Amino acid sequence: MEFTLHAQDPLSKARAGELVTDHGVIQTPIFMPVGTAGTVKAVHQRELKEDIEAQIILGNTYHLYLRPGLNTLESSGGLHKFNGWEGPILTDSGGYQVYSLTEVRKIKEEGVTFRSHVDGSKHLFTPENVMDIQRIIGADIIMAFDECTPYPCDYNYAKRSIEMTHRWLKRCCDRFDATEPKYGYNQTLFPIVQGSVYKDLRVKSAEVIASFGREGNAIGGLSVGEPAEEMYAMTEVVCDILPQDKPRYLMGVGTPVNILENIALGIDMFDCVMPTRNARNGMLFTSNGIINIKNEKWKNDFSPIDAESDLFADKVYTKAYLRHLIHSGEMLGAQIATLHNLHFYLWLVKEARNKIIAGEFYQWKNTMVTRLAQRL
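The rules we used
Residues numbered from 1 in each chain as written. Predicted model: local features only at pLDDT ≥ 70, side-chain atom pairs only at ≥ 80, totals over all residues. Heavy atoms only, no water. Helix = DSSP H or I, 4+ residues; strand = E, 2+ residues; numbered from the N terminus. Rg over C-alpha atoms; globule rule 2.2 N^0.38 Å. Buried < 20%, exposed > 50% of the residue type's maximum accessible area, 1.4 Å probe, protein only. Contact = heavy atoms within 4.5 Å. Areas by Shrake-Rupley, 256 points an atom, 1.4 Å probe, with all protein chains shown as cover. Lys, Arg positive; Asp, Glu negative; His and termini not counted. Charge placed at Lys NZ, Arg CZ, Asp CG, Glu CD. Salt bridge = Lys/Arg side-chain N within 4 Å of Asp/Glu carboxyl O. UniProt positions renumbered as here; feature names shortened; annotations may be inferred. Polar contact = N/O pair within 3.5 Å; in protein donor to acceptor, adjacent residues only side chain to side chain.

Caption draft 1: Region of the structure containing the overall build of the chain. Tallying secondary structure elements over the chain gives 15 helices and 17 strands in all. Here the C-alpha radius of gyration of the chain, 20 Å, is about what a compact globule of 376 residues would show, namely 21 Å. Seen along its three principal axes, the alpha-carbon backbone of the chain occupies a region of about 60 × 50 × 40 Å. Taken over 376 residues, the chain has a buried fraction of 57%. Pairs at least 24 residues apart make up 69% of the contacts formed inside the chain by residues separated by at least 6 positions. Of the roughly 15300 Å² of accessible surface on the chain, a fraction of 50% belongs to carbon and sulfur atoms. Measuring between centres, the 40 positive side-chain charges of the chain sit 4 Å from its 46 negative side-chain charges.

Right under this line is the structure:
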């Protein structure tokens, strides 16, 4: 993997770059649609590529490990062959999912034992076997196995947690470096900075993560319930330490406003379930603000879903029609809303990139964050 910086905004730390993988080029800053179980919900691969213009998507190690399972994925030739997506893929390590299974998991130095949410069967994730699992899944970018701490989190717990995450990272790197990709293309390992909302822990973790010298770095454990100001403060601290010449990925973030504010702090890569999950519940993100399409006010609004968008679905379908579909529980409603939100998120980061290159990002960002937060 290669990363090249092309431009930096003169009034902020926003960067425009290019990340080259064996499955294609990614222009940063970028948003990555989340395909938890091998699919971005309600979206065809053709739509992802041609309408949404996604450049990279996510898969989830925990879910793919349980279903369809490693045997099926390996037999198919990896996730790219299995789901028909020809572009780059990133897989998370399963650490966040295991963190969310608080009632059915146990964390020890060896790793994490947990019970499947599917059938209750017992499993063990270790730094070593999570590397092996992600080798089999075959993502271009794979994540180190870490512990994601909750919010709020006791300082001493957070301190013990990052120390274990750093020990786990050494084991991840050792296993990754001792093994080969399975399908004839390269894979890259990103470590993850943790430390909850404690500045000294974030500083320590960022320094340790940077010292491993991997090809990119991630920031985890944010967007887990803490106030946005805390997220921004921790992101800024970490970005000041992580290497300038490597991509920085802020995991699980977030709203359009979160994305623009974190781009301004030096983040290059984002993912979040928000555009797809909220779409299925009738929440649409637009350049003028947020629409709850379920509201009565849209019942007889026969204007396009988004007149400023170049997405076919936004121009062909009306707000009234989409409201009817969502209210009726029609599958097409979820499809249209998901297409709209993902198209908007990809438009937003592309526009941010254009503004960075033009040297106009900071002023544009300040105007946009006010508009994006409005309820229409």
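Caption draft 2: Quick look at the pattern of salt bridges. Under the defined criterion, the tally for this structure stands at 16 salt bridges. Between arginine 15 and aspartate 268 there is a salt bridge whose closest N-O contact spans 2.9 Å. Here aspartate 268 lies in the loop between α10 (256-264) and β15 (269-271) and arginine 15 lies in strand β2 (residues 15-21), a separation of 253 residues in the sequence. One salt bridge in this structure joins lysine 365 and glutamate 261, with 2.9 Å as the shortest N-O distance. One end of the pair, lysine 365, is in helix α15 (residues 361-372); the other, glutamate 261, is in helix α10, with 104 residues separating them in the sequence. Shared partners join several salt bridges into a network, and the residues in it are Lys13, Glu236 and Asp240.

Caption draft 3: Unusual backbone geometry, seen in detail. Note the cis peptide between threonine 28 and proline 29, where omega equals 5°. With respect to the helices and strands, the residue proline 29 is situated in the loop between β3 (24-28) and β4 (30-32). A cis amide bond links tyrosine 151 with the next residue in sequence, proline 152, at an omega value of -5°. Secondary-structure assignment places proline 152 in the loop between β10 (141-143) and α7 (155-178). In this structure, serine 223 is a non-glycine residue whose phi angle is positive, near 60°. With respect to the secondary-structure elements, serine 223 resides in the loop between β13 (217-219) and α9 (228-239).

Caption draft 4: Structural detail: the UniProt feature "active site" (unreviewed entry) in the chain. Following the UniProt record, one finds the feature "active site" (unreviewed entry) at Asp92 and Asp271. The named residues occupy 180 residues along the chain; their greatest pairwise C-alpha distance, 10.5 Å, places them in one compact cluster. Tracing the sequence through the fold places aspartate 92 in strand β6 (residues 89-92). Among the residues examined, aspartate 92 registers a relative accessible area of 14% and is labelled buried. Polar contacts involving the side chain of aspartate 92 include one to the side chain of asparagine 60, which spans 2.7 Å. Apart from the residues within four sequence positions on either side, aspartate 271 is in contact with Phe31, Met32, Val34, Leu58, Tyr249, Leu250, Met251, Gly252, Val253 and Gly254. From its side chain, aspartate 271 meets the backbone nitrogen of glycine 252 in a polar contact 2.8 Å long.

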